[in-house]
Amino acid sequence: MSPDLQRLIDLQRLETQIADAKAKIAAHPQRLAEADAQLAAATHLLDTAKDRLKDNQEARRALEKDVALYQGRLSKFRDQQSAVKTNKEYQALGHEIETAQHDLGGVEEKVIERMVEADGIAADVKQAEAVFAAKRKEIEAEKKRLAEELTETEAALKAATDARTALLGQIDPRLVSTFEQVARVRKGIAVTTATRDGLCSVCHVHLRPQVFQQVRHNDGIIQCDSCQRILYYVPPPPPAEGAVVNR
Ligand SMILES: [Zn+2]
């Protein structure tokens with residue numbers, strides 16, 4: 001392997017690592033926001049269930065006030081009834097009592113309906129609390145993982161950038177310039193392999209036999225005729241020990 005070619009291969013590896021690390025760092029705030037949004041959705045479900053329970057309790061308290069009101073009215077009529085002098089007055093109050101009893105019965109029924117409903121809502125709240133607790137735990141773990149990943153990525157970026165700086169000092173400036181020109185127009189990939197059947201592995205153009213022959217030697221800087229990327233060749237691995245070889 002030509003030392004120049006090896007350095008360009010190493011430079012490409014570092015450039016790719018740097019680009020990947022930068023993309024990961026750039027995506028970090030979005031991933032954090034997605035985790036927060038998931039937790040916010042679970043919080044919203046829990047709040048909704050709690051609000052329903054609160055509404056139910058308020059409605060029940062209002063009904064219980066009505067119960068007290070009708071009970072008060074009823075006992076007032078009964079007191080009055082025991083004090084009346086005439087049969088007519090007695091009967092009139094009897095009607096009032098009947099009406100008040102009927103109203104009271106209706107409100108008491110509604111109180112019972114609210115109580116039954118409250119049991120269902122309380123079960124919903126309990127379930128939403130369990131879902132929320134599990135989600136919070138999951139999101140906390142996810143955010144911790146994201147923070148660790150960010151620290152690791154930042155360290156990897158620094159290491160790759162330092163290594164790149166050191167490597168650039170060892171490469172002929174004309175080769176660096178070729179590398180940078182190709183990288184600029186080819187989405188950051190200036191060095192790639194030729195496949196075993198003689199294609200550029202990125203643009204998939206068939207290399208001329210003579211060019212492919214040169215690339216296979218890995219002893220110079222050969223560019224793809226089509227995309228201009230610098231090419232190298234990775235020979236197939238030797239057959240594994242114990243593998244059956246046809247002779
Ligand atoms: Zn190519």
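The structure reproduced in this document is the subject of the present report. Computed from a predicted model, the values in this text were never measured in an experiment.

Some thoughts on the overall build of the protein
Logical step 1: Counting secondary structure elements, the protein contains four helices and three strands.
Logical step 2: Along the chain direction, N to C, the helices and strands of the protein fall in the order α-α-α-β-α-β-β.
Logical step 3: Each principal axis of the C-alpha atoms in the protein carries an extent, and together these give about 130 × 50 × 35 Å.
Logical step 4: When burial is assessed residue by residue, the protein has 28% of its 247 residues classed as buried.
Logical step 5: Taking the intrachain contacts of the protein between residues at least 6 apart in sequence as the baseline, contacts between residues at least 24 apart amount to 69%.
Logical step 6: Looking at the protein as shown, the accessible area adds up to about 16400 Å², and 54% of this sits on carbon and sulfur atoms.

Description of the nonpolar core
Logical step 1: Core analysis: the largest hydrophobic core is formed by 20 residues, its most contacted members being Leu8, Leu11, Ile171, Phe179, Ala190 and Val191.
Logical step 2: Where this core is concerned, the elements lending two or more residues are helix H1 (3-83), helix H2 (87-168), helix H3 (173-185) and strand S3 (230-233).
Logical step 3: Per element, the largest residue contribution to this core is seven residues, and it comes from H1.
Logical step 4: Those residues in contact with isoleucine 171 that sit more than four places away from it in its chain are Arg7, Leu8, Leu11 and Val176.

Some details on the environment of leucine 167
Logical step 1: Relative to the elements of secondary structure, leucine 167 occurs in helix H2.
Logical step 2: For leucine 167 and glycine 198, which are 31 residues apart along the polypeptide, the C-alpha to C-alpha distance reads 29 Å.

Considering a nonpolar patch on the surface
Logical step 1: Taken together, the side chains of Ile112, Met115 and Val116 define a hydrophobic patch exposed on the protein surface, amounting to about 280 Å² of accessible area.
Logical step 2: Structurally, isoleucine 112 is set in helix H2.
Logical step 3: Residue classification places isoleucine 112 among the exposed positions, given a relative accessible area of 52%.

Examining unusual backbone geometry
With the exception of glycine, the majority of residues adopt a negative phi angle, and the majority of peptide bonds are in the trans configuration.
Logical step 1: Positive phi is not limited to glycine here, since histidine 204 has a value of about 65°.
Logical step 2: By the element assignment, histidine 204 lies in the loop between strand S1 (191-194) and helix H4 (209-217).
Logical step 3: A positive phi is found at glutamine 228, a non-glycine position, where the angle reads about 70°.
Logical step 4: Secondary-structure assignment places glutamine 228 in the loop between strand S2 (222-223) and S3.

Some thoughts on the pattern of salt bridges
Logical step 1: A complete count under the given rule lists 15 salt bridges for this structure.
Logical step 2: Glutamate 149 is the partner of arginine 31 in a salt bridge, and the nearest nitrogen-oxygen pair spans 2.8 Å. Separated by 118 residues along the polypeptide, arginine 31 in helix H1 and glutamate 149 in helix H2 bring together distant segments of the chain.
Logical step 3: The buried category is assigned to glutamate 149, whose relative accessible area is 16%.
Logical step 4: Note that glutamate 142 is salt-bridged to arginine 145, the shortest N-O span being 3.3 Å. Of this pair, glutamate 142 and arginine 145 both sit in helix H2, three residues apart, which is roughly one turn of the helix.
Logical step 5: Judged by its relative accessible area of 26%, glutamate 142 is partly exposed.
Logical step 6: Residues joined by salt bridges that share partners form a network here, namely Arg31, Glu142, Arg145 and Glu149.

Quick word on the coordination of the zinc ion
Logical step 1: In the first shell of the zinc ion, the protein supplies Cys200 (SG), Cys203 (SG), Cys224 (SG) and Cys227 (SG), at 2.3 to 2.4 Å from the metal.
Logical step 2: Its four donor atoms give the zinc ion angles of 103 to 117° at the centre, a pattern that matches the tetrahedral case.
Logical step 3: Classification of cysteine 227 as buried rests on a relative accessible area of 3%.

Criteria and thresholds
- Residues numbered from 1 in each chain as written.
- Predicted model: local features only at pLDDT ≥ 70, side-chain atom pairs only at ≥ 80, totals over all residues.
- Heavy atoms only, no water.
- Helix = DSSP H or I, 4+ residues; strand = E, 2+ residues; numbered from the N terminus.
- Buried < 20%, exposed > 50% of the residue type's maximum accessible area, 1.4 Å probe, protein only.
- Contact = heavy atoms within 4.5 Å.
- Areas by Shrake-Rupley, 256 points an atom, 1.4 Å probe, with all protein chains shown as cover.
- Core = buried A, V, L, I, M, F, W, Y, C linked by side-chain atoms within 4.5 Å.
- Patch = residues over 30% accessible without salt bridge, like charges linked within 9 Å, V, L, I, M, F, W, Y side chains within 5 Å.
- Salt bridge = Lys/Arg side-chain N within 4 Å of Asp/Glu carboxyl O.
- Donors = N, O, S within 2.8 Å, 3.2 Å for Na, K, Ca; no water.
- Tetrahedral: all angles 85-135°; square planar, octahedral: opposite > 155°, others 65-115°.

All quantities given are derived from atomic positions and should not be read as evidence of function.
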